[in-house]
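In case you want the letters, here they are:
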Amino acid sequence: MANPQANGQWYPPEWPDRIRALAAGTLTPVAPRRAATVMLLKDTGAGTAVHMLRRRTSMAFAGGAYAYPGGGVDPRDDDRAIGWAGPTRAWWADRLGVDEAGAQAIVCAAVRETYEEAGVLLAGPTGDSVAGDTTGADWEADRAALVARELSFAEFLDRRGLVLRSDLLGAWARWITPEFESRRYDTWFFVAVLPEGQRTRNASTEADRTVWITPAEATAGYDKGELLMMPPTVATLRGLAACRTPAEALASAPGRDMTPVLARARLEGDEVVLSWPGHEEFTKHVPSTAPTSATPSDPTGGATA
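Participant: Would you mind showing me how to read the pattern of salt bridges here?
Facilitator: Opposite charge on two side chains lets them pair, provided their charged atoms get close. For the coordinates displayed, the defined rule picks out 18 salt bridges. Measuring nitrogen to oxygen at the nearest pair gives 2.7 Å for the salt bridge that ties arginine 266 to glutamate 268. Among the residues examined, glutamate 268 registers a relative accessible area of 38% and is labelled partly exposed. One salt-bridge network, held together by shared partners, links Asp77, Arg112, Glu113, Glu116 and Arg149.

If you want it as structure tokens, here you go:
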């Protein structure tokens, strides 16, 4: 991926051409797919650390970038009756800006992806407990079935008699992939604290490494151009840096603004100006001598990750 800036902002080289095509009416925006991602936190004694993974460079979307465990919503999780602890589905619907079925599916996606990619399960046999060791062969078989989408998360919870702990999650932010991207996501960012007795592991086939890192260290690496990240990742890290402990971050989540952030692009002469409202640090001015009629190689979009 091209990175014309000194910092580590992820910026695909095809974006200027796609932006011009969108402005010219030759590119039709792809409908964003709902997704969820979780900032898993723990207290290291020296401060709060967040669990991050580095996406393999071979990944079509954001290859090489540091991110959190996350992925697309499974529509099979929207209306099946499941064990549920914490705020009601109606509360979550209001908080997330969707209907109750959608809220259940989004929360399920957050918990499922954390289990799939980090091996951490925010669910337990009762509404006030969490699962213990989930590294056994039978657990791994179920996790693999979830990854392959052979099993929905609602089915997984039901067959194991587990209760989803929505009270262990806090909704933090919502970002929507720009209209000119070929792979678009409407992503809800959540915060959660690593449950006592559980440990993270790199269980994702999409990541080549995982780290526990303080938000300040991560953003410093980004500012120096050493760590590649997308704008929502950097923005959420900067917000986390203001929280002294994981518990403080979780407690502050209900008061955070969930207005969706969507990038805006405009043409000023031969320059493309890309901005994210409310996040001026990510504004980019990209001069180019490319023809304004340039057509992107994938104008209709592609499969999602």
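Participant: What's the story with the sheet that holds strand 7 (residues 163–165) in this structure? I'm lost.
Facilitator: Adjacent strands of a sheet pair through backbone hydrogen bonds, lying either parallel or antiparallel. With respect to topology, three strands assemble into an open sheet ordered 5-7-6, the strand pairing being mixed. The two strands at the open ends of the sheet, each matched to only one other strand, are strand 5 (83–85) and strand 6 (123–124). Relative to strand 7, strand 5 runs parallel, the two being bridged by three bridges. Bridge pairing links glycine 83 to valine 163 in strand 7.

Participant: Explain unusual backbone geometry here, please?
Facilitator: Trans peptide bonds make up most of the peptide bonds, and negative phi angles are found at most residues other than glycine. The residue arginine 149 is not glycine, and still its phi comes out positive at about 60°. Structurally, arginine 149 is set in the loop between helix 4 (137–147) and helix 5 (153–160). By relative accessible area, arginine 149 is classed as partly exposed at 28%.

Participant: Help me understand the environment of arginine 159 in this model?
Facilitator: Within the secondary structure layout, arginine 159 lies in helix 5. Relative accessible area serves as the criterion here: at 56%, arginine 159 is assigned to the exposed category. Those residues within four positions of arginine 159 in sequence are excluded, and the remaining contacts are Asp142 and Leu151.

Participant: Looking at this structure, how should I read the packing of helix 3 (residues 100–118) against helix 4?
Facilitator: In a pair of packed helices, the angle between the axes and the distance between the axes together describe the arrangement. Their axes nearest at 10 Å, the elements helix 3 and helix 4 cross at an angle of 120°. As summarised for this structure, helix 3 and helix 4 are arranged oblique, according to the angle between their axes. Between helix 3 and helix 4 lies a crossing of left-handed hand. On helix 4, the residues touching Arg112, Tyr115 and Glu116 of helix 3 are Trp139, Arg143, Leu146 and Val147. Across the contact of helix 3 with helix 4, the residue classes break down as four nonpolar, no polar and three charged.

Participant: So what exactly am I meant to see when it comes to the packing of helix 6 (residues 215–223) against helix 7 (residues 231–241) here?
Facilitator: Two numbers describe how helix 6 lies on helix 7: the axes approach to 8 Å, and their chain directions differ by 140°. Considering their axes alone, helix 6 and helix 7 lie oblique with respect to each other. The crossing of helix 6 and helix 7 is left-handed. Of the residues in helix 7, those in contact with Pro215, Ala218, Thr219, Tyr222 and Asp223 of helix 6 are Val234, Leu237, Arg238, Leu240 and Ala241.

Participant: Sorry, what's going on with the nonpolar core here?
Facilitator: A general feature of soluble globular proteins is that nonpolar side chains tend to end up buried together. Residues Leu96, Leu121, Phe156, Leu169 and Phe190 are the most contacted members of the largest nonpolar core, which totals 42 residues. When contributions to this core are tallied by element, the ones reaching two or more residues are strand 1 (33–43), helix 2 (89–96), helix 3, helix 4, helix 5, strand 8 (169–176) and strand 9 (185–193). No other element matches helix 3, which puts nine residues into this core. Leaving out residues up to four positions away in the same chain, leucine 169 has contacts with Val38, Trp92, Val107, Ala110, Val111, Leu122, Phe190, Val191, Ala192 and Leu250. Of all hydrophobic cores here, the second largest spans 37 residues; its members include Ile19, Met52, Leu237 and Ala263.

Cut-offs used in this document
Residue numbers restart at each chain and count upward from 1, following the sequence in its written direction. Local features in this predicted model are restricted to residues of pLDDT 70 or higher, and side-chain atom pairs are both shown and tallied only at a pLDDT of 80 or more, whereas totals for entire chains, interfaces and linings draw on every residue. Hydrogens and water molecules were not included; the side-chain quantities draw on all heavy atoms of the structure. The term salt bridge refers to a pairing of a side-chain nitrogen on Lys or Arg with a carboxyl oxygen on Asp or Glu at a separation within 4 Å. For every residue, the accessible area (1.4 Å probe, protein chains only) is compared with the maximum for its type, and the residue is labelled buried under 20%, exposed over 50%, or partly exposed between those bounds. Strand pairing is assigned whenever DSSP identifies at least 2 bridges connecting the two strands. Secondary structure elements follow DSSP: runs of H or I of four or more residues count as helices, runs of E of two or more count as strands, with numbering from the N terminus. Between two residues, a contact is recorded if the distance between any of their heavy atoms is within 4.5 Å. To obtain an axis, a line is fitted to C-alpha atoms, over the contacting stretch when the element is a helix, and the angle between two such axes runs from 0 to 180 degrees between their N-to-C directions. An angle below 35 degrees is read as roughly parallel, one above 145 as roughly antiparallel, one from 65 to 115 as roughly perpendicular, and any other as oblique. Left-handed describes a crossing whose near helix is turned anticlockwise from the far helix by less than a right angle; the clockwise case is right-handed. As a working rule, the residues Ala, Val, Leu, Ile, Met, Phe, Trp, Tyr, Cys and Pro are called nonpolar, Asp, Glu, Lys and Arg charged, and the rest polar, with Gly in that last group. For the purposes of this section, nonpolar cores are sets of buried Ala, Val, Leu, Ile, Met, Phe, Trp, Tyr and Cys residues that join through side-chain atoms within 4.5 Å.

By themselves, these observations are geometric and do not establish any function.
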